[in-house]
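Summary of the model geometry
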Amino acid sequence: NAGVTQTPKFQVLKTGQSMTLQCAQDMNHEYMSWYRQDPGMGLRLIHYSVGAGITDQGEVPNGYNVSRSTTEDFPLRLLSAAPSQTSVYFCASSSNEGTGGGYTFGSGTRLTVV
Amino acid sequence: EDQVTQSPEALRLQEGESSSLNCSYTVSGLRGLFWYRQDPGKGPEFLFTLYSAGEEKEKERLKATLTKKESFLHITAPKPEDSATYLCAVRPSGNTPLVFGKGTRLSVIA
């Protein structure tokens, strides 16, 4: 059971470039989320999805797009990378929120924008 | 606004020296409080969920407790392998995902 798989693990981008961070889960979880983690800031929610075809914005959505065409995949797109988007990005998934299962996190993507 | 505050930011303990980490929260309709462990370079790993005041959960040297305003993670006789960052998160009402605190970085020295 792979759990939550994030690719790539590391990426360096130039300012203005675009890219997609991939996230896939094999647990048939309805809920998926993207967080970024910066020193001293904790985990901040970027976008989330409560099921295929449904997405919503979190605390820091600017500069990012998401879509959820399947239950398994939840890619995060950086439209025009900026140095402020240098961070570690985590994808997480969960079964029905009401039953309170803990989130399963991927191992993260470390992104540097130069 | 839903908010989670963890203290202290960092804690250094000698092996065997028990202590507690604090998580204070304000939330609109608590649907659960979560504790995670995060090792350097890795994603957070789920530890506990607590739902109501008075509830306690235990796992090895860790025990989590919950009141109406805060949660504690008690660490009994810690070992160096307990060194990690411990994250607290709350789930508000509705479909809003977890809101995280900034974490407590624990170092246990042999």
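Computed from a predicted structure; not experimentally measured. (Residues numbered from 1 in each chain as written. Chains lettered and ligands numbered in written order. Predicted model: local features only at pLDDT ≥ 70, side-chain atom pairs only at ≥ 80, totals over all residues. Heavy atoms only, no water.)

1. Side note on the overall build of chain A
Helix and strand counts for chain A stand at 0 helices and 11 strands. Its helices and strands taken in sequence order, chain A reads β-β-β-β-β-β-β-β-β-β-β from the N to the C terminus. For a compact globule of 114 residues, the expected C-alpha radius of gyration is about 13 Å, and chain A comes in at 13 Å, within 12% of that figure. Counting only C-alpha atoms, chain A reaches 40 × 30 × 25 Å along its principal axes. Counting over 114 residues, chain A shows a buried share of 48%. (Helix = DSSP H or I, 4+ residues; strand = E, 2+ residues; numbered from the N terminus. Rg over C-alpha atoms; globule rule 2.2 N^0.38 Å. Buried < 20%, exposed > 50% of the residue type's maximum accessible area, 1.4 Å probe, protein only.)

2. Examining the environment of A:Thr55
All names here are of chain A. With respect to the element layout, Thr55 can be found in strand β6 (residues 54-57). Residue classification places Thr55 among the partly exposed residues on the basis of a relative accessible area of 37%. Separated by 19 residues in the primary sequence, Thr55 and Phe74 have C-alpha atoms spaced 9.6 Å apart. Among all residues touching Thr55, those that are not within four sequence positions of it are Tyr48, Ser49, Val66, Ser67, Arg68 and Phe74. (Contact = heavy atoms within 4.5 Å.)

3. A closer look at the environment of B:Ser28
Residues and elements named next belong to chain B. Inspection of the secondary structure puts Ser28 in the loop between β3 (19-26) and β4 (32-38). Residues Ser28 and Asp2, spaced 26 residues apart in sequence, show a C-alpha to C-alpha distance of 6.6 Å. If we ignore the near neighbours within four places in the chain, the residues touching Ser28 are Asp2, Pro92 and Ser93.

4. Brief notes about the state of the cysteines
Any covalent bond linking the sulfur atoms of two cysteines counts as a disulfide. All names here are of chain B. What the rule picks out here adds up to 2 disulfides over all chains. One disulfide bridge connects Cys23 with Cys88, the sulfur atoms lying 1.9 Å from each other. Across the disulfide from Cys23 to Cys88, rotation about the S-S bond amounts to roughly -65°, and the bridge is consequently left-handed. One end of the pair, Cys23, is in strand β3; the other, Cys88, is in strand β9 (residues 84-91), with 65 residues separating them in the sequence. (Disulfide = S-S within 2.5 Å.)

5. Concerning the packing of aromatic side chains
Going through the model one piece at a time under the given rule, you end up with 11 aromatic pairs over all chains. Centre to centre, the rings of A:Phe90 and A:Phe105 are 6.4 Å apart; their planes meet at 85°, and the pair counts as edge-to-face. With a gap of 15 residues between them, A:Phe90 in strand β9 (residues 87-94) and A:Phe105 in strand β10 (residues 104-105) connect regions that are remote in the sequence. Judged by its relative accessible area of 2%, A:Phe90 is buried. Through pairs of rings, three or more aromatic residues link up here, namely A:Tyr35, A:Phe90, A:Tyr103, A:Phe105, B:Phe34, B:Tyr36, B:Phe46 and B:Phe100. Residue placement shows A:Arg68 over the ring face of A:Phe74; its charged tip is 6.0 Å from the ring centre. (Phe/Tyr/Trp six-rings, centres within 6.5 Å; stacked < 30°, edge-to-face > 60°. Lys NZ or Arg CZ within 6 Å of the ring centre and 35° of its normal.)

6. Section: the sheet that holds strand β8 (residues 76-78) of chain A
Residue and element names in this part refer to chain A. Across the sheet, which stays open at both edges, the 4 strands sit in the order β1-β3-β8-β7 with antiparallel pairing between neighbours. The outermost strands of the open sheet, each flanked by one partner alone, are β1 (4-7) and β7 (64-66). Along the sheet, successive strands turn relative to each other by an average axial angle of 20°, direction set aside. Direction of pairing for β7 relative to β8: antiparallel, over a ladder of 3 bridges. Each bridged residue has a counterpart across the sheet, and for Val66 the counterpart in β8 is Leu76. (Pairing = 2+ DSSP bridges. Axes fitted to C-alpha atoms, helices over the stretch in contact; angles between N-to-C directions.)

7. Observations concerning the pairing of strand β5 (residues 45-50) of chain B
All names here are of chain B. Across 5 bridges, β4 lies against β5 in antiparallel orientation. Counterpart to Tyr36 in the pairing with β5 is Phe46. Between the end of β4 and the start of β5, which pair antiparallel, lie 6 residues, with Gly41 showing a positive phi angle near 80°.

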